[in-house]
Amino acid sequence: MKKRNPSLYKIVFVGVAVIAVAICCTKKTGSQEESVLSGEATFYVDESIFPIVEDVRDVFLSDYRAKINLIAKPESEVVNALLSDKTKVVILPRKLTVKENEILASRHINPKITEFGTDAVAFITHKNSKDTLADLQEAINVMQGKPSLMKKLVFENPNSGTVSIMNNLAGTNTNSLHDNVYSMKSAEEVLKYISGNPDAVGVVGINIILQPDAKCQELVNNIKVMAVRNVKNQKNDNAYYKPNQSNIALGLYPITRKLYMLNFQGTAGLGMGFASFIAGERGQRIILKSGLLPVRIPSRNITIRKDINTK
């Protein structure tokens, strides 16, 4: 009979004890290691597209044992959160700029960029306003401080993506807004202002109009979305277009934005799982139903029957 080694027993005992303590600590703190479909993560989301992202998140969480915290911020604050390493996953209506990518290059992480839809920037006015048409060139004139048929342009936040996209179109600077350009603190404040000022035009992401929360629903009822002439279209095209799915898909509406999920986790975490979901069949169906344009139109199964039961 072989003699047992006492020191070996001590090593095994110590190893088991360490594992037991680790398990107890995990249970006590309630922590859970993050994976593609489990654990906890925080994503920063551009506030103008928050409603659709929240809808997809809620369906995702109904299927998987995970917790995703969404923090809605203006576009520039979402980007700053990523650059300052407050978050590793952001959802934006644009890609990062060359300068922003250069800052993040030092982390040596190959980001996963997922395009999942297209939305539009909408011009809104009071429901009783006689003016239902908006000329994009007139809006550009306002941004440039030139004479314009538009009296006031109102944005939801000076750091918002809507200000950014209009500045890009007009070739103006975010920090030099003119007298006829106003900024509020939120989309809700824009809706409030427009619902009480028929001479003003608001500029918001269409997702806020299509999926208003309880606080904004009554305000949305007091405004109308304007049709916009596409100055980028053919020279002889004087038609005006609403920001609906078909006009966005055909390129007739002039101000559209691709929607992206940018994942800098560098590991197989919830960012990867949520990106697959939002760009997959179910996620794309949610986006289609919301009124935005998905990257791919979900398939439809049609059943053809020979006989129709009329009973």
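Refer to the structure presented above.
Treat the numbers as computed from the prediction; the structure is a model and nothing was measured.

Visitor: Would you explain the nonpolar core in this entry?
Guide: Burial of nonpolar side chains together is a common tendency in soluble globular proteins. Judged by nonpolar contacts, the single largest core of 69 residues is most densely connected at Phe-123, Leu-153, Met-166 and Phe-274. Considering every element that reaches this core, the biggest residue donor is strand β4 (residues 112-126), with six residues. Aside from chain neighbours lying at most four places away, what touches Phe-274 is Phe-43, Val-53, Val-56, Arg-57, Phe-60, Ile-68, Ile-91 and Met-261. With twelve residues, the next largest nonpolar core counts Val-78, Val-79, Val-90 and Leu-92 among its residues.

Visitor: Explanation requested: the pattern of salt bridges in the structure shown.
Guide: Opposite charge on two side chains permits them to pair, given that their charged atoms come into close proximity. Taken as a whole and judged by the stated rule, the model has 15 salt bridges. Residue Asp-119 is joined to Arg-257 by a salt bridge in which the shortest nitrogen-to-oxygen separation is 2.9 Å. Here Asp-119, found in strand β4, pairs with Arg-257, found in strand β12 (residues 256-263); they are 138 residues apart in sequence, far enough to count as distant. Between Glu-188 and Lys-215 there is a salt bridge; the shortest N-O distance is 3.7 Å. Of this pair, Glu-188 sits in helix α7 (residues 187-196) while Lys-215 sits in helix α9 (residues 214-220), and the two are 27 residues apart along the sequence. Here the salt bridges do not stand alone but share partners, grouping Glu-54, Arg-57 and Asp-58 into one network.

Visitor: Just to check I follow, could you spell out the environment of Gln-217 for this structure?
Guide: Secondary-structure assignment places Gln-217 in helix α9. Under the relative-accessibility criterion, Gln-217 is labelled partly exposed at 36%. Separated by 26 residues in the primary sequence, Gln-217 and Leu-191 have C-alpha atoms spaced 9.8 Å apart.

Visitor: What is the right way to look at the sheet that holds strand β10 (residues 227-229) in this model?
Guide: The strands making up a sheet associate through hydrogen bonds between their backbones, and the pairing can be parallel or antiparallel. With mixed pairing, the three strands of this open sheet are ordered in space as β5-β10-β11. In this open sheet, the two strands that pair with only one neighbour each are β5 (133-135) and β11 (240-241). Judged from the two bridges that link them, β10 and β11 form a sheet pairing that is antiparallel. What sits directly across from Val-228, in β11, is Tyr-241. Most of the contacts of helix α5 (residues 136-143) go to β5, to which it runs at about 60°, and overall it touches β5 and β10.

Procedures and definitions
- Residues numbered from 1 in each chain as written.
- Predicted model: local features only at pLDDT ≥ 70, side-chain atom pairs only at ≥ 80, totals over all residues.
- Heavy atoms only, no water.
- Core = buried A, V, L, I, M, F, W, Y, C linked by side-chain atoms within 4.5 Å.
- Buried < 20%, exposed > 50% of the residue type's maximum accessible area, 1.4 Å probe, protein only.
- Helix = DSSP H or I, 4+ residues; strand = E, 2+ residues; numbered from the N terminus.
- Contact = heavy atoms within 4.5 Å.
- Salt bridge = Lys/Arg side-chain N within 4 Å of Asp/Glu carboxyl O.
- Pairing = 2+ DSSP bridges.
- Axes fitted to C-alpha atoms, helices over the stretch in contact; angles between N-to-C directions.

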